[in-house]
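Summary of structural features
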Amino acid sequence: MNAATTATRTTYREALRMALREALARDPRVFLMGEDVGRYGGTYAVSKDLLEEFGEERIRDTPLSESAFVGAGIGAALAGMRPIVEIMTVNFSLLALDQIMNNAATIRHMSGGQFSIPLVIRMATGGGRQLAAQHSHSLEGWYAHIPGLRIVTPATLEDARGMLWTALQDPDPVLMFENALLYNLEGELAADAGAVDIDRAAVRRGGSDVTLITYGGSLGKTLQAAETLAQEGIHAEVIDLRTLRPLDDATIMASVAKTHRAVIVDEGWKSGSLAAEIMARIMEQAFYELDAPVARVCSAEVPVPYAKHLEDAALPQVPAIVEAAKKVARGHV
Amino acid sequence: MFEFRMPSLGADMEAGTLVEWQIAPGQEVKRGQVVAVVETQKGAVDVEIWQDGTTEQLVVQPGQKVPVGAVLALLRAPGEAPGAAPIAAAAPVMAAPAPAPAATAPAVSAPPAGAPRHKISPSARKLAEELGIDPASVQPVAADGVITREDIERAAQRRKGAEPKPAADWHVQMRAAIAAAMSKSKREIPHYYLATEIDVTPAMDWLAQENLRRDVSARLLAAVPLMKAVALALREVPGLNGFWTGGAFQPAPAVHLGMAIAMRGGGLVAPAIHDADRKSLDQLMAALRDLIDRVRGGRLKSSEMADPTVTLTSLGDQGVETVYGVIYPPQVAIIGLGRITERPRVEQGKIVARKVLTTTLAADHRASDGHRGALFLAALDRLLQQPERL
């Protein structure tokens, strides 16, 4: 079947909802739990109408206590269920950090492999919506620090549609970070779109002069930057990491070996960040391929501001990505 | 202060291209040290210096082509104070400096102490090593002075353009050099030719016995006792070992035996084995092996190219019975060795099988007469009858 002829116009939000519906329909052990996921239809309307379709047993509104409902999800997973827990935003997930890090990520190891936690936690991340410093941060890099977790960051409709089911098959906890700016992303999605791998990074655009490495909410900006660069004769390759832990080193290094230059675009802060980790790996594994120092475009090291112009200035934007890439690939200008 | 000049690496050499310095200003040099690589028509040659000293100034830069005798560098004699250098007029440059030195050997030239460290990207450094380009010779394009892959690629590209295309053109050049030398020889040198059949049975039998008691790695080639006998005979019979220059024969004080060696892919060189008459058979064997290796690898020393006093050519391995040599000017003789064959000979009325070698001499009649040539061949014959004394 030709996917193009049967593609439908849809949104990232809708793709996530399709994935939830599919999971709930296919596996009776799957249930969704979180703040406002039921009657309100989800803070970002991802679970709209699911309560009516699947009932209160499987679409469960929770009290405003992240630690409690993430802990409940861990318990359910331990007992053989396949819970999907939604946390409204990554800033609030810190209230559940003890459950995530000290229980979800460790129990397999501490039980000598006797117990596993097949739990999926979804949460919104990222800034750009004038929600100020308590709702706008990108802390997925922090979670990528923790052994025992898998961190995925769908950035396309296909990944929004396909990552959930694969994550549910993982016997260990998977955290899915949905950049909140992406929910309204529109595009074509094949009617037969389904599960996708959550192991490998994807080259979203081929190029020969510089590798732009990014993920999640920054992918669109990075692709735009690559387009601008192409008009100036710089052919940028764009890598969507997709999975932040474990990182797909091979795809990164293969690209760096081709372009000899890299810029990392990460909405997190620079210090002690995922961008720093990727730089370190490039240094460790591809030092002799480098023709220029690796550069980063990250968020300014401030709490994300409320004022629009300040917020825009604090987050990675297309002109900054273009500028960084040109500086690194100056030999090609 | 003394001058180090472009040496003549063969009578037919008019100019050479400095490929690479192996010394830097301030560096001490010892007599016999290889200080530079020079590209000639016959390939890249390691050039030695023949005086101790300290490098004061490198006058010619890699890539420049200068005539024989041009000052390449100024050096201080031992004990001389630095700085008093009269700046010699730069050698007349025959060609625009090539941007990058040809890399016969990708030498990593260490910058002199205190020189600023080159900024070069790791990838560019790796590429430079792969392409045999000395990063120190590369001019970065970017204002920040960092050498990138692109700079190295550009240097490689330029080198490709500046250099004669290695395979084809190089052979053309070598052919031209041989043509010039041999034309001069046949034009100017009145050759006379003598040939004699030498019974080498005792020499070959002795060699077989000798090799039996040796390790495989230490065995001698048949050429080695022949070389030694030729060298000794040349010492014994003067007049064939030396040069015809300025209308007179100049005998050479030592026997530097030029060994005609065919090069892979065509061409011919005849570098010297120095003092062949004074070397033991083992030393000759080692010298021959080393020379052949380096001829095939394209790295000869300047002294080897410039010093031969006579040439020995052997085509016996190719089945040739008799070689009629052409003298390499300004030498005055060339000895040719053919194939060793077993032949019936009559000795004291009996027919016996003997191992026989046809030995020829082509000599310059200006420098010697047939009588002298005959004495030489007789001496060679006699020496080969007592191989254990070689």
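Residues numbered from 1 in each chain as written. Chains lettered and ligands numbered in written order. Predicted model: local features only at pLDDT ≥ 70, side-chain atom pairs only at ≥ 80, totals over all residues.

Counting its secondary structure elements, chain A contains 13 helices and 14 strands. Looking at chain A as a whole, 51% of its 333 residues qualify as buried. Contacts in chain A between residues at least 24 apart in sequence constitute 79% of all its contacts with a sequence separation of at least 6. (Helix = DSSP H or I, 4+ residues; strand = E, 2+ residues; numbered from the N terminus. Buried ≥ 20, exposed ≤ 12 C-beta atoms within 10 Å, placed from the backbone. Contact = placed C-beta atoms within 7 Å.)

Helices and strands together make up the secondary structure of chain B, namely eight helices and 19 strands. By residue count, 40% of the 390 residues in chain B fall in the buried class. Taking as baseline every contact in chain B between residues at least 6 positions apart, the subset at least 24 positions apart corresponds to 66%.

In terms of nonpolar packing, the biggest core is built from 102 residues, with L164, L212, V263 and A325 of chain A touching the most fellow members. For L212 of chain A, the residues in contact, after removing those within four places along its chain, are T222, A225, A226, A236, E237, V238, V263, V265, I321 and A325 of chain A. Judged by nonpolar contacts, the second largest core, of 82 residues, contains I198, V200, V255 and L380 of chain B. (Core = buried A, V, L, I, M, F, W, Y, C linked by C-beta atoms within 7 Å.)

Before going further, it helps to examine the sheet that holds strand β15 (residues 272-273) of chain B. Residues and elements named next belong to chain B. If you walk across this open sheet you meet the six strands as β9-β19-β18-β17-β12-β15, and the pairing is mixed. The open sheet terminates on both sides in strands that have one partner only, identified here as β9 (191-199) and β15. Pairing between strand β12 (residues 257-259) and strand β17 (residues 310-314): three bridges, direction parallel. Across the sheet, M259 pairs through a bridge with L312, a residue of β17. The strands that helix α8 (residues 370-384) touches are β9 and β19 (350-364); relative to β9, the one it contacts most, it runs at about 20 degrees. (Pairing = 2+ DSSP bridges. Axes fitted to C-alpha atoms, helices over the stretch in contact; angles between N-to-C directions.)

Okay, the interface of chain A and chain B next. Chain A puts nine residues into the contact, and the matching count from chain B is nine residues. Within the side of chain A that touches chain B, the residues separate by chemical class into four nonpolar, two polar and three charged. (Nonpolar A, V, L, I, M, F, W, Y, C, P; charged D, E, K, R; others polar.)

Turning next to the sheet that holds strand β7 (residues 174-179) of chain A. Residue and element names in this part refer to chain A. Reading across from one edge, β3-β2-β4-β5-β7-β6-β12 is the order of the seven strands in this open sheet, with mixed pairing throughout. Each edge of the sheet is formed by a strand with only one pairing partner; in this case those strands are β3 (59-61) and β12 (243-245). Neighbour-to-neighbour, the strand axes of the sheet open up by a mean angle of 20 degrees, direction not taken into account. Bridge count between strand β2 (residues 30-34) and strand β4 (residues 82-87): five bridges; the pairing is parallel. Bridging from a neighbouring strand, G34 pairs with E86 of β4.

Before going further, it helps to examine helix α9 (residues 218-231) of chain A. All names here are of chain A. Given a rise of 1.5 Å per residue, 14 residues ought to cover 20 Å, and the 20 Å separating the end C-alpha atoms of α9 matches this to within 8%. Within α9, burial applies to S218, L219, K221, T222, A225, A226 and L229. The buried residues of α9 occupy an angular sector of 160 degrees when the element is viewed end-on, so they sit on one face. Considering only its buried residues, α9 is in contact with β9 (202-205), β10 (210-214), β11 (236-240), β13 (262-269) and α13 (318-328). (Expected span 1.5 Å × (residues − 1). Arc of directions from axis to C-beta.)

Residue and element names in this part refer to chain B. Taken as a whole, chain B shows an average pLDDT of 84; of its residues, 88% reach a score of 70 or greater. Here residues 85-112 scores under 50 on pLDDT; set against residues more than four positions off or in separate chains, the count is 68 contacts. Overall fold confidence (pTM) sits at 0.56, and the ipTM for the predicted complex is 0.71. (pLDDT = per-residue confidence, 0-100.)

Residue and element names in this part refer to chain B. When you line up the elements, P308 lands in the loop between α7 (302-306) and β17. The spacing of P308 and G10 is 298 residues in sequence and 9.0 Å in space, taken between C-alpha atoms. Filtering out sequence-adjacent residues up to four positions away, P308 remains in contact with H256, G258, A270, P271, A272 and Q331.

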